[in-house]
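So the chains spell out like this:
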Amino acid sequence: MKRIVRLVAWLYPSSWRKRYGTEFDALVEDTTLTVRDSFDVFWGALKMQMTTWNFGRITLSCAVAGMLVAAAVSFALPAHYLSQATLIVTPADESTRGLPNNLMERSIFNREVLASLIQAHNLYPRERTRAPLDVVIDKMKSNIQVVSILPASPGNGGTLTFTIRFEYPDRYVAQQINEELLTRLIEGNLHAQPDSHWTFYVPTNPSLPAWPVAPNRTRFAAVGLFAGLLAGLTLAGVAKSRSSTTV
Amino acid sequence: MSDPTLLVLSSLAGGDKHGYAMMEDIERFAGVRLGPGTLYGAITRLEQRGWIRPVNSKDRRQPYTITGAGREHLHDQLASLGRVVRTGLRRLENA
């Protein structure tokens, strides 16, 4: 136990150890120590650090600690990758406006389509062990985004431009599923309208994402830094008021 | 009473002592065992306030003595504590 207490005593500030180290060591030598004493020394060292550190040092240390903890948490969380593809849909003639009714619903957001994709590619294995397929389908739906980036107008001949995005923890799977979604969208149109009035053009194939979109590690680190800064300011304030009021 | 600084001052009021002797003395008269961290936290604060000071010694065990200011502070604190004790006891008797 004496050895542990001596080790813990190294946590005291060096200036304190220089002044009291020898006599403290003599006390440790003379005393029959318990586990409680090692915690007592640890707590004493911590308080001594707080009283010897100045306001700025406490604040800065807490801010850096907060940032490091948040960064570590962000690395512990599963990454999510976003694959994107661009799709341009051009009507055969000026009189045709917009896509067939419910094309997106039928070909991409259709529950049967999504269920078959989930099962065929063994998507969301962990979620499937915990929740029914319906819940997993809803989750997959939330990971799909179809965003109109250029709406049809008389000026562009009624051409529609979309971005189709799929987010998944595996970047290769994200790309593969995005390809499937795109194919199903085009095929869905052909099935709905065999003599299709629309031309589908894919200028940008589903991308293989290089970097995760989530968790946003920069944002995590910034939030950690800010939280640490606030905690540091509070702690420094408490330490300052305690040192001025404690005998 | 468990304020370590008052316990250390009370111990030193009875004569100069090093850390271990203070621990033993405090345990004897107050029934409180101060851990090494608590004891040296109190010693550090008291020395910073000028209420105790180290006595010249060649031993690794550094003895301390209470200063005039320390005696004055201890006297004030104990007098204040005494008033609380007397009031509390009186009220208990009258209750």
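Thresholds, definitions, all that
Residues numbered from 1 in each chain as written. Chains lettered and ligands numbered in written order. Predicted model: local features only at pLDDT ≥ 70, side-chain atom pairs only at ≥ 80, totals over all residues. Helix = DSSP H or I, 4+ residues; strand = E, 2+ residues; numbered from the N terminus. Buried ≥ 20, exposed ≤ 12 C-beta atoms within 10 Å, placed from the backbone. Contact = placed C-beta atoms within 7 Å. Nonpolar A, V, L, I, M, F, W, Y, C, P; charged D, E, K, R; others polar. Core = buried A, V, L, I, M, F, W, Y, C linked by C-beta atoms within 7 Å. Axes fitted to C-alpha atoms, helices over the stretch in contact; angles between N-to-C directions. Parallel < 35°, antiparallel > 145°, perpendicular 65-115°, else oblique. pLDDT = per-residue confidence, 0-100. Pairing = 2+ DSSP bridges. Arc of directions from axis to C-beta.

## A look at the overall build of chain B
Then step 1. In terms of helices and strands, chain B carries 4 helices and 2 strands.
Then step 2. Beginning at the N terminus, the succession of helices and strands in chain B can be written as α-α-α-β-β-α.
Then step 3. When burial is assessed residue by residue, chain B has 34% of its 95 residues classed as buried.
Then step 4. Taking all contacts inside chain B whose residues are at least 6 apart in sequence as the whole, residues at least 24 apart take part in 50%.

## Some words on the overall build of chain A
Then step 1. Within chain A, the regular secondary structure consists of 10 helices and 4 strands.
Then step 2. Relative to its full complement of 247 residues, chain A shows a buried share of 26%.
Then step 3. For chain A, long-range pairs separated by at least 24 residues make up 78% of all intrachain contacts whose partners lie at least 6 apart in sequence.

## Quick word on the interface of chain B and chain A
Where interface size is quoted, it is often the accessible area lost as the parts come together.
Then step 1. Each side of the interface is counted separately: chain B has 16 residues, and chain A has 21 residues.
Then step 2. Broken down by secondary-structure element, the contributors of at least two residues to the side of chain B that touches chain A are α2 (19–30) and α3 (36–49) of chain B.
Then step 3. Broken down by element, the residue count for the side of chain B that touches chain A peaks at 8 residues, all from α3 of chain B.
Then step 4. In terms of residue class, the side of chain B that touches chain A is made up of 4 nonpolar, 8 polar and 4 charged.

## Some points on the nonpolar core
Then step 1. Core analysis: the biggest nonpolar cluster contains 28 residues, and A9 of chain A together with V8, L39, I43, L46 and I52 of chain B have the highest contact counts within it.
Then step 2. Looking at this core, the elements that each hand over two or more residues are α1 (2–9), α2 (14–30) and α3 (35–52) of chain A together with α1 (4–13), α2, α3 and β2 (64–66) of chain B.
Then step 3. Ranked by the residues each element gives to this core, the list is headed by α3 of chain B, at 5 residues.
Then step 4. The contact partners of L39 of chain B, leaving out residues within four places of it in the chain, are P4, G19, M22, M23 and L34 of chain B.
Then step 5. Of all hydrophobic cores here, the second largest spans 16 residues; its members include A85, I108, I164 and L182 of chain A.

## A short note on the packing of α1 of chain A against α3 of chain A
Residue and element names in this part refer to chain A.
Then step 1. Between α1 and α3, the least distance of the axes is 9 Å, while the angle of their chain directions is 5°. What the angle tells us is that α1 and α3 run roughly parallel. Touching I4, V5, V8 and A9 of α1 are D37, S38, V41, F42 and A45, all from α3.
Then step 2. Its residues assigned to classes, the contact of α1 with α3 shows 7 nonpolar, 1 polar and 1 charged.

## What to know about the packing of α3 of chain A against α3 of chain B
Working note: a packed helix pair is described by the angle between its axes plus the distance between those axes.
Then step 1. Contact pair α3 of chain A / α3 of chain B: the axes reach a minimum separation of 6 Å and the direction vectors enclose 30°. Counting all contacts with α3 of chain A, which are made through D37, D40, V41, W43, G44, A45, K47 and M48 of chain A, the residues of α3 of chain B involved are P36, G37, T38, Y40 and G41 of chain B.
Then step 2. Looking at the contact of α3 of chain A with α3 of chain B residue by residue, the class counts come to 6 nonpolar, 4 polar and 3 charged.

## Some details on the confidence of the model for chain B
As a note on interpretation, predicted positions should not be read in detail where pLDDT is low.
Residue and element names in this part refer to chain B.
Then step 1. The pLDDT averaged across chain B works out to 92; a share of 98% of its residues lies at or above 70.
Then step 2. The least confident element of chain B is helix α4 (residues 68–94), whose mean pLDDT is 92; the most confident is β2, at 95.
Then step 3. Confidence estimates for the predicted assembly give a pTM of 0.52 and an ipTM of 0.85.

## Remarks on the environment of G35 of chain B
Then step 1. Inspection of the secondary structure puts G35 of chain B in the loop between α2 and α3.
Then step 2. With 22 C-beta atoms counted inside 10 Å, the residue G35 of chain B sits in the buried group.
Then step 3. Taking the C-alpha atoms as reference, G35 of chain B lies 8.1 Å from M23 of chain B; in sequence the two are 12 residues apart.
Then step 4. Not counting chain neighbours up to four residues away, the residues in contact with G35 of chain B comprise R36, D37, D40 and V41 of chain A.

## Focus: the pairing of strand β1 (residues 81–91) of chain A
All names here are of chain A.
Then step 1. Direction of pairing for β1 relative to strand β3 (residues 160–168): antiparallel, over a ladder of 9 bridges. The residue of β3 that forms the bridge with L82 is E167.
Then step 2. Two elements, β1 and strand β4 (residues 198–204), share 5 bridges in a ladder whose sense is antiparallel. By the bridge assignment for β4, I88 is matched with Y201.

## Thoughts on the environment of P78 of chain A
All names here are of chain A.
Then step 1. In this fold, P78 is placed in the loop between α4 (55–76) and β1.
Then step 2. The exposure class of P78 is exposed, given the 10 C-beta atoms found within 10 Å.
Then step 3. Spatially, the C-alpha atoms of P78 and Y168 are 9.9 Å apart, while their sequence positions differ by 90 residues.

## Some points on helix α8 (residues 133–142) of chain A
Residues and elements named next belong to chain A.
Then step 1. If you check which residues of α8 are buried, you get V136, I137 and M140. What you see down the axis of α8 is that its buried residues fit within an arc of 105°, all on one side. With respect to the buried face of α8, the exposed residues turned more than 90 degrees away are D134 and S142.

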